[in-house]
Amino acid sequence: MFSIQDILENPPSDEVALRGWVYRIRSSGKLSFMVLRDATNIIQCVARKEDIAEEKFKEFSSLTIESSISVTGKVSKDERAPTGYELRITDFHIFQRNDSFPVSKDISEDFELDNRHLWIRSREFNAILKIRSTVFTAFREFLLKEGFYDVQPPLMVSTATEGGATLFKVPFFGDEAYLTQSSQFYLETFIFSLEKVFTVSPSFRAEKSRTWRHLTEYWHAEGEMAWINNEGMMDVEEKLIHYIISSVIEKNEAELHILNRDIDALKESLKPFTRMRYSDLIKNSASYGMPLKYGDDLGADEERQIMSNFKTPIFVTHFPASLKTFYHQPDPSNPKEILCHDLLAPEGYGEVLGGGERIWDLNLLLERMKESGLKEEDYYWYLDLRKYGSIPHSGFGLGLDRLCLWIMHLDKITNAIPYPRTIRRLKP
Ligand code: 4AD
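Each chain has its residues counted from 1, following the order in which its sequence is written. With pLDDT at 70 or above as the cut-off, local features in this predicted model cover only qualifying residues; side-chain atom pairs require 80 or more to be listed or tallied, and sums for whole chains, interfaces and linings still use all residues. Excluded from the side-chain calculations are hydrogens and water; all other atoms, namely the structure's heavy atoms, are used.

Visitor: Describe the packing of aromatic side chains, listing the residues and the values that go with them.
Guide: Put simply, two rings from Phe, Tyr or Trp (the six-membered ring, in Trp's case) pair if the centres are within 6.5 Å, and we call them stacked under 30 degrees between planes, edge-to-face over 60, tilted for the rest. Using the criterion set out here, one finds 19 aromatic pairs in the structure. Measuring from ring centre to ring centre gives 5.7 Å for phenylalanine 139 and phenylalanine 198, while their planes differ by 85°; the resulting arrangement is edge-to-face. With phenylalanine 139 in helix α5 (residues 123-145) and phenylalanine 198 in strand β10 (residues 196-204), the pair connects residues that are 59 residues apart, well separated along the chain. On the basis of relative accessible area, phenylalanine 198 is assigned to the buried category, the value being 0%. On the numbers, 6.0 Å between centres and 50° between planes, the contact of phenylalanine 273 with phenylalanine 315 is tilted. One end of the pair, phenylalanine 273, is in the loop between α9 (263-267) and β12 (274-277); the other, phenylalanine 315, is in strand β13 (residues 314-317), with 42 residues separating them in the sequence. The classification of residues rests on relative accessible area computed with a 1.4 Å probe and restricted to protein chains. Under 20% of the type maximum is buried, over 50% is exposed, and intermediate values are partly exposed. The class for phenylalanine 273 is buried, based on a relative accessible area of 5%. Using a relative accessible area of 0% as the deciding quantity, one classes phenylalanine 315 as buried. One aromatic cluster in this structure is built from Phe185, Tyr186, Phe326, Tyr327, Tyr379, Trp381 and Tyr382. Lysine and arginine charges are scored as sitting over a ring when NZ or CZ, respectively, is within 6 Å of the ring centre and within 35 degrees of the ring normal. Here arginine 386 stacks its cationic end above the ring of tyrosine 382, 4.2 Å away from the centre of that ring. Elements are defined by DSSP. Helices are runs of H or I of four residues or more, strands are runs of E of two residues or more, and each kind is numbered from the N terminus.

Here it is in structure tokens:
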């Protein structure tokens with residue numbers, strides 16, 4: 001069986017059979033048009049009264065949107081058809097004839113989200129899913145080529161990574177477990193065996209804030225490397241992001257067009273990324289239209305404004321230790337700042353990645369944990385890494401849904417993931 005895309009790329013002279021779903025319908029007396037869709041594309045099909053039996057013509061003319069069908073016919077070029085070709089039907093078989101399909105273009109946001117299981121069939125969401133597939137594949141491809149191993153840390157855990165405020169608690173046989181906020185600490189354990197590792201898995205944050213870029217369950221692509229510092233880690237990440245964007249531009253031009261994404265604007269991000277210290281960002285902040293003072297955190301609103309001034313991502317480095325979690329390595333020349341980085345996406349999108357050097361000295365780590373009110377016994381295995389062959393190392397966490405949001409230039413993160421989980425949404 002051919003796909004629609006096969007037919008459009010190599011139109012056969014013989015009769016062909018296609019199968020899929022009814023995307024659009026229109027009848028006018030002796031002609032009945034139906035646009036058929038499958039996973040790959042759409043094609044206009046036409047039934048003519050003179051080609052098929054009267055009963056069949058009637059049946060075809062009363063088709064409904066999203067009914068499932070197979071069709072047989074001959075393909076010919078037709079400039080007026082949406083994808084340039086038309087299939088003239090000689091026969092068809094209906095698998096299931098629908099009642100009227102509940103989801104169309106003019107529906108409210110909530111209705112669309114309640115019916116996401118149906119909306120993912122739309123051309124827009126089909127394009128979004130294809131681009132996501134490229135992004136996820138490209139992430140893995142790049143790191144495997146660089147000699148990383150794909151590892152599988154647990155998702156049900158007993159410790160926080162990014163602070164207690166956003167921990168999801170789950171009952172665990174009379175005890176309490178958490179859904180992981182980040183696999184970072186487990187990735188750190190793996191580097192003592194494999195040196196370069198990554199994982200792509202969900203992370204969970206009990207985010208009470210409802211913003212355009214927060215999910216409670218999101219896809220986290222995390223990497224960890226032995227023997228590398230903050231600068232070296234950023235070098236790897238910059239190449240990684242360039243690779244992902246190049247892959248999307250190469251493989252998904254058609255989908256980017258469906259989403260009206262300005263591809264030239266996206267290509268700007270194939271240029272080198274500026275690295276800017278947090279203190280310099282603060283000094284420049286008024287000129288970005290967002291005056292800030294040293295010690296202020298960067299949230300969704302601040303980053304939206306700052307990054308609307310940029311066409312290419314920037315790394316912001318050397319944040320004050322007070323703004324970040326306990327595990328970051330202090331800068332030896334100014335221990336109040338840490339050797340870390342956030343990657344902020346341009347066009348107003350803001351943070352998509354956070355990373356940096358990890359504290360590898362046991363006593364310093366114990367000191368920082370004490371300041372954060374964490375109990376040594378809960379983190380005994382994390383501390384063991386600093387007791388047995390400790391080494392300098394760095395890592396990062398890339399939010400793949402946020403990366404997709406920016407690459408596709410969508411308005412909010414709930415449109416970048418098929419089944420978003422937010423404070424108000426657990427269905428479908
Ligand atoms: O900056 P975060 O919290 O860093 C960590 O979790 C580190 N432990 C990662 C590491 O070094 N291995 O999260 C990393 C990224 C953010 O830059 C953002 O892209 C994404 O995860 N992220 C979210 N995405 C969607 N919804 C949320 N609620 C997110 N919280 C973080």
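Visitor: So, the pattern of salt bridges: which residues are in play, and what are the values?
Guide: For this document, the term salt bridge refers to a Lys or Arg side-chain nitrogen within 4 Å of an Asp or Glu carboxyl oxygen. In this structure the tally under the stated criterion is 29 salt bridges. A salt bridge links arginine 368 to glutamate 371; its shortest N-O distance comes to 3.0 Å. Of the two residues, arginine 368 and glutamate 371 both sit in helix α12 (residues 362-371), three residues apart, roughly one turn of that helix. Judged by its relative accessible area of 13%, arginine 368 falls in the buried class.

Visitor: Go over the side chain of serine 32, please, and point to the residues and values.
Guide: Relative to the helices and strands, serine 32 resides in strand β2 (residues 31-37). Among the residues examined, serine 32 registers a relative accessible area of 2% and is labelled buried. A polar atom in the side chain of serine 32 sits 2.9 Å from the side chain of serine 27. Here a polar contact is recorded for every N or O atom pair within 3.5 Å, except that within protein the pair must consist of a potential hydrogen donor and a potential acceptor, and residues adjacent in sequence are included only if both atoms are side-chain atoms.

Visitor: Explain the pairing of β13 residue by residue, including any values.
Guide: Across the two faces of β13 the burial is the same, with Ile314 and Val316 and Phe315 and Thr317 all buried. Relative to β13, β12 is paired through four bridges, and the arrangement is parallel. The residue of β13 that forms the bridge with arginine 275 is phenylalanine 315. The pairing criterion is simple: DSSP has to find at least two bridges between the two strands. Pairing of β13 with strand β16 (residues 340-345) involves four bridges; the strand directions are antiparallel. In the sheet register, valine 316 faces β16, and the bridge partner there is aspartate 342.

Visitor: Describe empty space enclosed by the protein, with residues and values.
Guide: Using a 1 Å grid laid over the protein atoms alone, points where a 1.4 Å probe fits but cannot get out form a cavity; open sets with protein on both sides within 12 Å along at least 5 of 7 lines form a pocket; any residue with an atom within 4 Å of a point counts as lining. Grid points are joined across faces, edges and corners, and a volume is the space filled by probe spheres set on the points. With the rule as written, the count across this model stands at one cavity of 30 Å³ or more. If you add up the space inside the largest cavity, you get close to 40 Å³. Forming the boundary of the largest cavity are Val157, Thr159, Thr161, Thr180, Ser182, Ser183, Phe185, Tyr186 and Trp381. Here the lining of the largest cavity is built from residues that sort into four nonpolar, five polar and no charged. Throughout, the ten residues Ala, Val, Leu, Ile, Met, Phe, Trp, Tyr, Cys and Pro are labelled nonpolar, Asp, Glu, Lys and Arg are labelled charged, and all others, Gly among them, are labelled polar.

Visitor: Tell me what's going on with helix α6 (residues 184-194), and back it up with residues and numbers.
Guide: Buried within α6 we find Gln184, Phe185, Tyr186, Leu187, Glu188 and Ile191. Turning to α6, the residues buried within the fold contact β7 (156-157), β10, β11 (217-226), α13 (380-384) and β18 (393-399). Count one or two residues on from α6 and you reach glutamate 195, which has phi positive near 70°. In what follows, a contact means two residues having at least one pair of non-hydrogen atoms within 4.5 Å.

Visitor: Which residues make up the site of the ligand, and what values go with them?
Guide: Residue proximity to a molecule or strand is established when one non-hydrogen atom of the residue lies within 4 Å of it. Near the ligand lie 22 residues; those nearest to it are Glu162, Gln184, Glu222, Glu351 and Val352. Contacts to the ligand include phenylalanine 396, whose backbone N or O atom sits 3.2 Å from a nitrogen atom. With respect to the ligand, the backbone of glycine 399 contributes an N or O atom lying 3.3 Å from an oxygen atom. Summarising the interface, the protein chains cover 93% of the accessible area of the ligand, which totals 630 Å² for the free molecule. Note on areas: Shrake-Rupley with a 1.4 Å probe; residue coverage comes only from the protein chains shown.

Visitor: I'd like a rundown of the nonpolar core, residues and numbers included.
Guide: Counting residues in hydrophobic clusters, the biggest one holds 56 residues, and the most contacted among them are Val135, Phe139, Ile244, Leu398, Leu403 and Ile407. In this structure leucine 403 touches Val135, Ile241, Ile244, Val352 and Leu398, once residues within four positions along its chain are discounted. By nonpolar core we mean a set of buried residues, namely Ala, Val, Leu, Ile, Met, Phe, Trp, Tyr and Cys, connected to one another through side-chain atoms within 4.5 Å. Grouped together as the second largest cluster of nonpolar side chains are 23 residues, Ile7, Leu8, Leu36 and Cys45 included.

Visitor: Account for the side chain of glutamate 222, naming residues and giving values.
Guide: As for its placement among the helices and strands, glutamate 222 is situated in strand β11. Of the buried charged residues, glutamate 222 lacks a salt bridge, with arginine 358 as the closest side chain of opposite charge at 6.3 Å. For the purpose of charge, His is not counted, nor are the chain termini; Lys and Arg are scored as positive and Asp and Glu as negative.

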